[in-house]
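Given next are the chains, with one letter for each unit.
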Amino acid sequence: MLSFYDRFTQMLNENKQLDFFDHIQSITEKYLTYRAKIRRIKKEKRKAKNPVVDWIEAFLWAACMVLLINQYLVQAYRIPSGSMIDTLNIGDHVFVNKIIYGPELLPGFLKLPSPVIPKRNDIIIFESPAYISRGTVFDIAQRIIYMLTLSLVDIDRDERGEQRIHFLIKRAAGQAGDRFKIENGEMRIRFAGEDRWVYEREYNASRSWDHNIRRLVSEDQYPALLAAGQARGWSDLGFPVSEELYFKASPVENMQYGDSFAYQRSRLETQRKAAVQDRRYAMLHAREHVLGLFVPEGRILPLGDNRDSSHDGRNFGPVRLSKVLGKGLIIYWPFTRIGKIK
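Residues numbered from 1 in each chain as written. Predicted model: local features only at pLDDT ≥ 70, side-chain atom pairs only at ≥ 80, totals over all residues. Heavy atoms only, no water.

Engineer: Explain the packing of helix α2 (residues 51-72) against helix α3 (residues 136-148) to me, please; I cannot follow it from the model alone.
Structural biologist: Any two packed helices are characterised by how steeply their axes cross, that is the angle between the axes, and by the distance between the axes. Here α2 crosses α3 at 105 degrees, and the two axes come no closer than 9 Å. Here α2 lies roughly perpendicular to α3, going by the angle between them. Contacts from Ala63, Val66, Leu67, Asn70 and Gln71 of α2 reach α3 at Ile144, Met147 and Leu148. Of the residues assigned to the contact of α2 with α3, the class counts are six nonpolar, two polar and no charged. (Axes fitted to C-alpha atoms, helices over the stretch in contact; angles between N-to-C directions. Helix = DSSP H or I, 4+ residues; strand = E, 2+ residues; numbered from the N terminus. Parallel < 35°, antiparallel > 145°, perpendicular 65-115°, else oblique. Contact = heavy atoms within 4.5 Å. Nonpolar A, V, L, I, M, F, W, Y, C, P; charged D, E, K, R; others polar.)

The structure is reproduced here in structure tokens:
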């Protein structure tokens, strides 16, 4: 039998438990009442709000989310040319990883730093060195509209209504310290710190990179291309061009594609030999065709996979890493080509 003290202690404990549960119940009821009140107020506001205003708010919210995602995470682009065939075809719509190399704080301004730099064989998107801006306000407006429409609308067009190429997408073929030589369209590489030249196709095969380096100019077309370059070299120096050389170069007129690098090499070689006293030709020839194209620190050499139909680093040189905006992720349209970009 419990003593008076034990019964008194038990009674106090029971009262404390009842007080605790009563307190929890009271807090829960107050919270549920408050939440119901907030929901009722929101519902009444929605009823009172003009449907058009409601739609505009929803659109602006969605637009802001699209802009943030496109600017800092993933952006959609449309492939405008065939310079990356067969990897990327004209009209392919792709998503690009914007955060990997450091996104821009604002469109066209203040690129944020990143510990990751483009590696050899990455598919990169960058600002075209040939692009001439129409002004800061226009550039920002163009990029916002382009992002909001997932690359479907581009207001940056020339006087003929053609899309002006603001961005290029190519394969990162060379890194800082590399040298490149191109002979009849085939490239050789001398990597930084090495003294031997390696053919690009052999190096790619050794790394199991199976992308296709597409050629459109055949071996039997090179005699005509080289003859055309030689004829242009004589003509530039004011010397007459023989009928035999004109005849040899004539098939060039019917070629749909050419190798501008081979053409320029033949032109420079002719000028160098004919004008020995003019050191300009010797220097240009040595820099581009004897020593090879050099990739300086802080830059990368982009090339198109469709080599004979690509305006790339062979024309405008290595590009600054600060101009590289992202890395290709996937093709999301057309449906038949959905897949990872390699």
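Don't stop here, the text continues.
Engineer: I'm lost on the pairing of strand β6 (residues 167-174) in this one. Help?
Structural biologist: A regular strand carries its side chains on alternate faces of the sheet. Across the eight residues that make up β6, a large majority, eight, are buried. With five bridges joining them, strand β5 (residues 123-127) and β6 adopt antiparallel strand pairing. In the strand pairing of β6, Phe126 is matched with Leu168. (Buried < 20%, exposed > 50% of the residue type's maximum accessible area, 1.4 Å probe, protein only. Pairing = 2+ DSSP bridges.)

Engineer: I would appreciate a short explanation of the pattern of salt bridges in the present structure.
Structural biologist: Think of it this way: side chains of opposite charge can pair up when their charged atoms draw near. One pass over the structure, following the stated rule, counts 16 salt bridges. The residue Arg164 makes a salt bridge to Asp156 at a minimum N-O spacing of 2.8 Å. Comparing Arg164 with Asp156, the two get one shared label, buried. Among the salt bridges present, the one from Arg314 reaches Asp312, with a minimum N-O distance of 2.9 Å. Given the relative accessible area of 0%, Asp312 is considered buried. Within this structure, Glu186, Arg201, Arg215 and Asp308 form a network of salt bridges that share partners. (Salt bridge = Lys/Arg side-chain N within 4 Å of Asp/Glu carboxyl O.)

Engineer: Looking at this structure, I do not really get the packing of helix α5 (residues 222-236) against helix α7 (residues 260-274). What am I missing?
Structural biologist: Viewed as axis vectors pointing N to C, α5 and α7 meet at an angle of 45 degrees, and their least axial separation amounts to 7 Å. The angle between the axes of α5 and α7 places the two elements in the oblique class. Crossing of α5 against α7: the hand is right-handed. Taking contact as the criterion, the partners of Tyr222, Leu225, Leu226, Ala228, Gly229, Gln230, Arg232, Gly233, Trp234 and Asp236 in α5 are, on α7, Ala262, Tyr263, Arg265, Ser266, Arg267, Thr270, Gln271 and Ala274. By residue class, the composition of the contact of α5 with α7 is eight nonpolar, six polar and four charged. (Left-handed = near helix turned anticlockwise from the far one by under 90°.)

Engineer: Looking at this structure, I do not really get a nonpolar patch on the surface. What am I missing?
Structural biologist: On the surface, Trp61, Met65, Leu68, Ile69, Leu73 and Ile99 cluster together into a nonpolar patch covering about 600 Å² of accessible area. Within the element layout of this structure, Ile99 appears in the loop between β2 (93-97) and β3 (104-106). (Patch = residues over 30% accessible without salt bridge, like charges linked within 9 Å, V, L, I, M, F, W, Y side chains within 5 Å. Areas by Shrake-Rupley, 256 points an atom, 1.4 Å probe, with all protein chains shown as cover.)

Engineer: How should α3 be read in this particular structure?
Structural biologist: The periodicity of an α-helix, 3.6 residues per turn, causes residues three or four places apart in sequence to face the same way. Across its 13 residues, α3 extends 18 Å between first and last C-alpha, which sits within 8% of the 18 Å expected from 1.5 Å per residue. Looking at the buried positions of α3, the neighbouring elements they touch are α2, β1 (74-78), β3, β5, β6 and β13 (324-333). (Expected span 1.5 Å × (residues − 1).)

Engineer: Where do I start with the sheet that holds strand β8 (residues 186-190) in this structure?
Structural biologist: Within a sheet, adjacent strands bond to each other through the backbone by hydrogen bonds, running parallel or antiparallel. Pairing in this open sheet of four strands is antiparallel, and the strands run β9-β8-β7-β10 from one edge to the other. With partners counted over all chains shown, the strands left at the sheet margins are β9 (198-199) and β10 (293-294), one partner each. Of the pairings in the sheet, the one linking strand β7 (residues 179-183) to β8 comprises five bridges and is antiparallel in character. Of the residues in β8, the one forming a bridge with Lys181 is Arg188.

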